[in-house]
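Here is what each chain is made of, one letter per residue.
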Protein chains: 2
Amino acid sequence: MSISKLIQESVEKSSWIRKMFEEGPKLKAQYGAENVYDFSLGNPNLQPPEEFHKALAKVAADSVEFGHGYTPNSGYPFVRKAVADYINEEQGINATENEVIMTCGAAGALNITLKALLDPGDEVLCPAPYFVEYGFYAQNHGGVLKTAPVKDDFTLDIDAMAEAVTEKTKAVLVNSPNNPTGQVYSEESLGALGKLLEDKSKQYGKVIYLLSDEPYRKIAFDGIEVPSIFKCYKETIVATSYSKDLSIPGERIGWACVNPEATYKDQLIGAMTMTNRILGFVNAPGIMQRAVAESIGATVDVSQYAEKRELICNGLKEAGYTFTKPAGAFYLFPKTPTEDDVAFVRALQKERILVVPGRGFGTPGHFRIAFCMDNATIKNSLPGFAKALKEFK
Amino acid sequence: MSISKLIQESVEKSSWIRKMFEEGPKLKAQYGAENVYDFSLGNPNLQPPEEFHKALAKVAADSVEFGHGYTPNSGYPFVRKAVADYINEEQGINATENEVIMTCGAAGALNITLKALLDPGDEVLCPAPYFVEYGFYAQNHGGVLKTAPVKDDFTLDIDAMAEAVTEKTKAVLVNSPNNPTGQVYSEESLGALGKLLEDKSKQYGKVIYLLSDEPYRKIAFDGIEVPSIFKCYKETIVATSYSKDLSIPGERIGWACVNPEATYKDQLIGAMTMTNRILGFVNAPGIMQRAVAESIGATVDVSQYAEKRELICNGLKEAGYTFTKPAGAFYLFPKTPTEDDVAFVRALQKERILVVPGRGFGTPGHFRIAFCMDNATIKNSLPGFAKALKEFK
């Protein structure tokens, strides 16, 4: 073996999904990209808001003056202060720049947090379906991802979570608005989860952290407010990015914020600052730190995602699909007409529709549609969705 | 314990050096920043070349059109192609975009490579003195850093390397021009190292990789050419960044390139593309990928570093310090007048001079000066350097 056995295994395990993704380029070459309906990737199609474009042009010009040197490992203090002020206004807490670490997106934030927390064999618990990368993130740092089911409408099942917490649980990881379901967890359910973790922490004589991955916080529909996790439990850490708020996922900029009330706050922040350094991130990209501080509060036009949600939901409902209408994010997670989600995904490919099977998120019998696509693609795909379901039934 | 034991230990182990660095801000508050001679950090003081500023302004303006979406995990194909073409011209190999992965700096490149290579307990061997982060990078992925001494003039000691290679050695990691010594390894010594690894690979029935960390390649003095590692051994990987060429370390942009002749090239590149994704880098910052492609070949004015080298070397020579004149990079690694390098570093602090003790690089009895500072700082520090040495003798 010339490479790491673990990585080799991971590459092999994911080869089926890679093969599935390889269908996309083949279909596009055969029929033309405009005739393939690719809903497989959560790469937002909206342009960044005007504020971000202006901010980037400004910081690019100003950088001739301020340069591009290393920033502190946790990020520029003035940027962290701007982020903390914004979180305080949004979520009613009292964070300072000392609780905020600028990161290489939410993926970076999650990795530095888990590396700071996990000892070998520690468990990270998350509700399933879940973003498939979480398994790797836990494994990267010697941990093991465990899952607990959610309710039929994809809301939190606190009893199932309670059963799944063990003495090895170091952190519970939630993601709301959720990828792949679009569900938003209620304040009540998060409060119950916080209470559960408080009890379990006492029971096991340790701190069980609640880690919240929130890149879709700004994308919520019908006036729904995404509750603040900080108010539900004090041992909380938020990991997030500007990837979706500002439609800039390729720029890798986000942050982690530790609850100012967390018991071992200073120790934890010291550890995360170190893991940000030693994992090779070193610091979040400097010019993007400045650009997001300069455009703080700006968001893409969420009404456009709301419109896409209506288009896809109405179309699939009419075609006879069963699903829970998403409250946020830009994903839909319908049931497949068979338990064999891969078979149905292949049937959709015959209609030149690309989606991801539910087993990619730990939940077979479903498939994920990323509807962050232009409206014409959504509209033109609907006959194919209808045909595939009809033929399968 | 609320955080990872390993990270807690690492934080504690490095607390002495942190305390030492805390002296800096204290001294600056007391005497004014302009009266403190801070040579402790390799944060280059030169401004990026004009080409980079122009490129950044251009890509920032163009980005309104092309957006900021995720790039492929290995980077934009056109950027990788531009990088491969440049490497080919510079080093006379035949790389294509398929052998290049754009990364979050050299630190990112080293981490994704080591994660792709290492199984638990695998050894990474490097000559000492060495960049202290290497120990963390190996440990991050279950490996162990081993060291072998260099010769008195900091050139490679192939016999010492030969003794240190074991059946557990998965990779040898070299860094030339070197941090902290400024030494540049000769083509002859790298050829001998390649031959050694070829023999040892045969002996142990495995591939031992040679990983070369080259962020200082462009900073070489007196017309010295930094040899290409690719020609010395076929199982080679180069990790580097634009941090020093372009003076943009805060932007986190670099690349890894696998030797096109490497035996398990495709497997290795597949693994590294995956580790770039799952470690949370996802892709190198998009706009910086474009900016470096747009300014490829541009370099800071290296003659300015050469001037600084003369200033510091002449000054310290006159004061009676013993050192090997650096052939590249912007570091000097003089001997301390006592084995207790920390004591001498404290003596320098009394002269308001900040440097790093040699034990921070696995080699006590020395100290590191990062001379990427303005010329006035260097000149004004010289009396203090002279006084500290005189008082110690």
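Residues numbered from 1 in each chain as written. Chains lettered and ligands numbered in written order. Predicted model: local features only at pLDDT ≥ 70, side-chain atom pairs only at ≥ 80, totals over all residues. Heavy atoms only, no water.

- In the annotation of an unreviewed UniProt entry, the entry for chain A reads Aminotransferase, and the organism field reads Desulfatibacillum aliphaticivorans.
- Regarding chain A, the UniProt comment filed under Sequence similarities (unreviewed entry) reads as follows: "Belongs to the class-I pyridoxal-phosphate-dependent aminotransferase family."
- Regarding chain A, the UniProt comment filed under Cofactor (unreviewed entry) reads as follows: "pyridoxal 5'-phosphate". (UniProt positions renumbered as here; feature names shortened; annotations may be inferred.)

## Some remarks on the relation of the copies chain A and chain B
- For the pair chain A and chain B, the best superposition has an RMSD of 0.0 Å and corresponds to a rotation of 180° with a translation of 0.0 Å parallel to the axis. Both copies are brought into coincidence by an operation consistent with a two-fold rotation axis. (Least-squares fit on C-alpha atoms with pLDDT ≥ 70 in both.)

## Side note on helix H5 (residues 105-117) of chain B
- Look at H5 of chain B: 19 Å from first C-alpha to last across 13 residues, which is about the 18 Å you get at 1.5 Å a residue.
- Burial runs high along H5 of chain B: 13 of the 13 residues are buried. (Helix = DSSP H or I, 4+ residues; strand = E, 2+ residues; numbered from the N terminus. Expected span 1.5 Å × (residues − 1). Buried < 20%, exposed > 50% of the residue type's maximum accessible area, 1.4 Å probe, protein only.)

## Overview of the interface of chain A and chain B
- Between chain A and chain B, the contact holds 66 residues from the first and 66 residues from the second.
- Between chain A and chain B, roughly 5300 Å² of surface is buried when both sides are summed, and carbon and sulfur atoms account for 54% of that area.
- Its largest share of buried area at the contact with chain B, chain A owes to Ser2, His68 and Tyr70 of chain A, together 14% of the area lost on that side.
- At the junction of chain A and chain B, the tally comes to 4 salt bridges.
- The closest approach of N and O atoms between Lys5 of chain B and Asp119 of chain A, which form a salt bridge, is 3.4 Å.
- Between the two partners, chain A and chain B, sit 44 residue pairs in polar contact (both at pLDDT 80 or more).
- Within the residue set of the side of chain A that touches chain B, elements represented by two or more residues are helix H1 (5-13), helix H3 (50-66), helix H5 (105-117), helix H6 (133-140), helix H9 (265-278) and helix H10 (286-294) of chain A.
- Among the residues making up the side of chain A that touches chain B, the classes are represented as 33 nonpolar, 23 polar and 10 charged. (Contact = heavy atoms within 4.5 Å. Buried area = accessible area lost by both parts, 1.4 Å probe. Salt bridge = Lys/Arg side-chain N within 4 Å of Asp/Glu carboxyl O. Polar contact = N/O pair within 3.5 Å; in protein donor to acceptor, adjacent residues only side chain to side chain. Nonpolar A, V, L, I, M, F, W, Y, C, P; charged D, E, K, R; others polar.)

## Side note on the pattern of salt bridges
Residue and element names in this part refer to chain A.
- Summed over the entire model, instances satisfying the criterion amount to 36 salt bridges over all chains.
- For Asp340, the salt bridge is made with Arg359, and the minimal N-O distance between the two is 3.7 Å. Note that Asp340 is positioned in the loop between strand S9 (331-332) and helix H12 (341-350) and Arg359 in the loop between strand S11 (356-357) and strand S12 (367-370), a separation of 19 residues in sequence.
- Using a relative accessible area of 37% as the deciding quantity, one classes Arg359 as partly exposed.
- Each member of the salt-bridge network shares a partner with another, and the members are Asp222, Arg309, Glu310 and Lys325.

## A closer look at the UniProt feature "domain: Aminotransferase class I/classII large" (unreviewed entry) in chain A
- Under the present numbering, the feature "domain: Aminotransferase class I/classII large" (unreviewed entry) in UniProt falls on residues 35-380 of chain A.
- Split by type, residues 35-380 of chain A is 39% helix and 15% strand. Its first and last C-alpha atoms lie 9 Å apart.

## Details of the pairing of strand S7 (residues 236-241) of chain A
Residues and elements named next belong to chain A.
- The buried count for S7 comes to 6 of 6 residues, which makes it a mostly enclosed element.
- Neither face of S7 is open: one carries Thr236, Val238 and Thr240, the other Ile237, Ala239 and Ser241, and all of them are buried.
- Where strand S6 (residues 209-213) and S7 come together, 4 bridges link them in parallel fashion. Among the inter-strand pairings, Asp213 is bridged to a residue of S7, identified as Ala239.
- The sheet contact formed by S7 and strand S8 (residues 254-258) spans 5 bridges and is antiparallel. (Pairing = 2+ DSSP bridges.)

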